[in-house]
Amino acid sequence: MNERYAAVEIISAKRDKFELSDDQIDWTVDAYTRGVIADEQMSALLMAILLNGMNNREISRWTDAMISSGERMNWKMLDRPTVDKHSTGGVGDKITLPLAPLVAACGAAVPQLSGRGLGHTGGTLDKLESIKGWKANLSNDQMLKVLQECGAVICAAGAGLAPADKKLYALRDVTGTVEAIPLIASSIMSKKIAEGTGALVLDVKTGSGAFMSDPKNAVLLARTMVDLGKRAGVVTRALVTAMDVPLGKTAGNALEIRETLEVLSGGGPSDVVELTVILANEMLDAAGIKPKVDPETALQNGMAMDVWRKMIEAQGGDNNAPLPTAKEKMEIKASSSGKLLTLDAMKVGVAAWRLGAGRQKQGETLQLGSGIEMHAKPGDLVSEGQTLLTLHTDEAARFTRAVEALEGGYSIGSKEAQINRLPLVIERIEG
Ligand code: URA
């Protein structure tokens, strides 16, 4: 086929800091999806985009081109408004798990397309796969059926949704080009817009354990995504939230399901409950729903748990099967008494990853029981000899590298010392 551009022209233009035209962008995304642009050429272009950026017009056209690379879903047949949430990823971030059934219990339909773990961050689908029999891959018809029956569905994006992003994402992962605002924003928003949700709440993480560790960049990413959503007619809000410390008290797949069940039973760690309720209120508001039962009550009275159990069962999961546990455990104890001052999200995330909770390469099988339990969080008083962390893995040989990752990852100071933490919600951005 006669191509209207050569890849090298596009790469050179971006290398030399020129804007790409709408037609150049359409061709580039389409030609890469068709295999006309080779991976090594796209890698060079992605690096040029990371280094030289894109303006708003380019980002929005790139996003549209990724949406057009595949199908666009819609949920017009449902009798309630749809709303979805997306997190940019963090350590111990299991919020989607209690949130989707909670928001469904309060009256919305939640078509939640989720992903797998990436680097040191966990993935919602991996976590759910610790439940015996649970299936991540549903056809569009199956997804609709679960949504109609339960009000919420959490599943993998099908192969037909934004295929350009699937190819680009895998390439970015191995070429050091994940951390570019135009590429992250277009990647996330192309999938969310193609998914057909009416409203969207973005949880943009910042702090050591997030891909955007600098809050200023996180705010810029949030603003870029909110603008993309608004242009596409999706009511979009973003909260920039803290990821300097892991969320909750567990990082690791089955461990996080256990914590989710605590939250759905009306208990669980206060930061997980607080963020779940904040995001639930934001989602319901974005969807235009005034709930008869508010989210706090729906967590306490079992309504959210009822939706969860129905949703898990509808996707083949056995709610009564025991969750996997790791074969080996190791405790890390406090070397002095005082106040826990820091607990670094990135270091905990890397340690959990090394214990087997995350993949070292694509397609690797996870140790679903592996991970880290945190018995204290910054601000808590601890006594010498008290267990601070329990490490879980199936292979004791993994402990050494996990302990190395944790070096300098926590500190204990005097009882009077002030802790220096990011607030849970740093900024709220509305379109
Ligand atoms: N999540 C995505 O889906 N894409 C990115 O680029 C980063 C996080």
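Caption draft 1: Structural view of the overall build of the protein chain. Looking only at helices and strands, the protein chain features 16 helices and 13 strands. On C-alpha atoms alone, the protein chain measures out to a radius of gyration of 22 Å, which is about the 22 Å that the 2.2 N^0.38 rule sets for 431 residues. If you line up the protein chain on its principal axes, its C-alpha atoms span 70 × 45 × 40 Å. Out of the 431 residues in the protein chain, the part that is buried amounts to 54%. By sequence separation, contacts in the protein chain at least 24 residues apart represent 79% of the contacts at least 6 residues apart. Distance between charge centres in the protein chain, computed from 48 positive and 54 negative side chains, equals 1 Å.

Caption draft 2: Main features of the pattern of salt bridges. With the rule as written, the count across this model stands at 31 salt bridges. What you see here is one network of salt bridges that share partners, running through E19, D22, D26, R57 and R61.

Caption draft 3: Summary view of the sheet that holds strand β10 (residues 381-382). Read across the sheet, three strands follow the order β10-β8-β12 without closing on themselves; strand pairing throughout is antiparallel. Every interior strand has two partners, whereas the edge strands, β10 and β12 (410-413), have only one. Pairing analysis gives four bridges linking strand β8 (residues 338-343) to β12, with the strands arranged antiparallel. From the neighbouring strand, L340 faces β12, where its bridge partner is I412.

Caption draft 4: Inspection of the environment of T393 at higher detail. Its location among the elements puts T393 in strand β11 (residues 387-393). Through-space distance from the C-alpha of T393 to that of I95 is 23 Å; in sequence the pair is 298 residues apart. Residues within four places of T393 in sequence aside, it is in contact with A326, K327, E328, L355, Q367, S370, R398 and F399. Looking at T393, its side chain comes within polar contact range of the side chain of Q367, at 3.1 Å.

Caption draft 5: Fine view of the packing of helix α5 (residues 96-105) against helix α11 (residues 253-264). In the contact formed by α5 and α11, the axes pass within 9 Å of each other and the chain directions differ by 35°. In terms of crossing hand, the pair formed by α5 and α11 is right-handed. Note on element contacts: α11 touches α5 through I257, T260, V263 and L264, opposite L97, P98 and P101. In the contact of α5 with α11, the residues fall into six nonpolar, one polar and no charged.

Caption draft 6: Region of the structure containing the site of the ligand. Neighbouring the ligand are Y169, R172, I184, S187, I188 and K191. At 2.4 Å from an oxygen atom of the ligand is found a side-chain nitrogen or oxygen belonging to K191. Surface burial for the ligand is 89%, taken as the share of its 240 Å² of free accessible area covered by protein chains. When grouped by side-chain class, the residues that make up the shell around the ligand number three nonpolar, one polar and two charged.

Caption draft 7: View of the packing of aromatic side chains. Applying the stated criterion to the full structure yields one aromatic pair. One residue, K167, lies across the ring of Y32, its end atom 4.3 Å from the ring centre. Just above the ring of Y169 sits the side chain of K191; from NZ or CZ to the centre is 5.7 Å.

Caption draft 8: Main features of helix α12 (residues 270-286). The end-to-end C-alpha distance of α12, which contains 17 residues, comes to 24 Å, matching closely the 24 Å that a straight helix rising 1.5 Å per residue would cover. For α12, the full list of buried residues reads D271, V272, L275, T276, V277, L279, A280, E282, M283, L284 and A286. One or two steps after α12, the chain reaches G288, where phi turns positive at roughly 75°.

Caption draft 9: Main features of the pairing of strand β5 (residues 235-242). Where burial is concerned, most of β5 is hidden: seven out of the eight residues are buried. Summarising the sheet, strand β4 (residues 199-206) and β5 pair through eight bridges and their orientation is parallel. For V204, the partnering residue across the bridge sits in β5 and is V240. Handedness of the crossover is the feature at issue here: the chain leaves β4, passes through helix α10 (residues 215-231), returns alongside β5, and the resulting connection is right-handed.

Caption draft 10: Spotlight on the nonpolar core. Of all hydrophobic cores here, the largest spans 134 residues; its most connected members are W62, W308 and I372. Leave out the neighbours within four places in its chain, and W308 touches L97, P101, L128, I131, I257, T260, L261, L264 and N319.

Caption draft 11: Structural view of the packing of helix α8 (residues 163-173) against helix α9 (residues 181-194). The N-to-C vectors of α8 and α9 enclose an angle of 145°; their axes lie 11 Å apart at closest approach. Here α8 runs over α9; the crossing is left-handed. Of α9, the residues touching α8 (which contributes D165, Y169 and R172) are L183, I184, S187, S190 and K191. Along the lines of polarity and charge, the residues of the contact of α8 with α9 split into three nonpolar, two polar and three charged.

Caption draft 12: The sheet that holds β5, seen in detail. The four strands are arranged β1-β4-β5-β13 in an open sheet whose pairing can be described as mixed. In this open sheet, the two strands that pair with only one neighbour each are β1 (83-87) and β13 (425-430). Adjacent strand axes in the sheet meet at a mean angle of 15° when their direction is disregarded.

Caption draft 13: Main features of the side chain of K85. Structurally, the position occupied by K85 is in strand β1. Salt bridges are absent for the buried K85, whose nearest opposite-charge side chain, D93, sits at 4.4 Å. In terms of polar contacts, K85 uses its side chain to reach the side chain of T96, at 2.9 Å. Beyond its immediate sequence surroundings of up to four residues, K85 is in contact with D93, I95, T96, L99, Q112, K192, L200, V201, D203, L279 and M283.

How each quantity is defined
Residues numbered from 1 in each chain as written. Predicted model: local features only at pLDDT ≥ 70, side-chain atom pairs only at ≥ 80, totals over all residues. Heavy atoms only, no water. Helix = DSSP H or I, 4+ residues; strand = E, 2+ residues; numbered from the N terminus. Rg over C-alpha atoms; globule rule 2.2 N^0.38 Å. Buried < 20%, exposed > 50% of the residue type's maximum accessible area, 1.4 Å probe, protein only. Contact = heavy atoms within 4.5 Å. Lys, Arg positive; Asp, Glu negative; His and termini not counted. Charge placed at Lys NZ, Arg CZ, Asp CG, Glu CD. Salt bridge = Lys/Arg side-chain N within 4 Å of Asp/Glu carboxyl O. Pairing = 2+ DSSP bridges. Polar contact = N/O pair within 3.5 Å; in protein donor to acceptor, adjacent residues only side chain to side chain. Axes fitted to C-alpha atoms, helices over the stretch in contact; angles between N-to-C directions. Left-handed = near helix turned anticlockwise from the far one by under 90°. Nonpolar A, V, L, I, M, F, W, Y, C, P; charged D, E, K, R; others polar. Near = heavy atom within 4 Å. Areas by Shrake-Rupley, 256 points an atom, 1.4 Å probe, with all protein chains shown as cover. Phe/Tyr/Trp six-rings, centres within 6.5 Å; stacked < 30°, edge-to-face > 60°. Lys NZ or Arg CZ within 6 Å of the ring centre and 35° of its normal. Expected span 1.5 Å × (residues − 1). Right-handed = clockwise from strand over helix to strand, strands pointing away. Core = buried A, V, L, I, M, F, W, Y, C linked by side-chain atoms within 4.5 Å.

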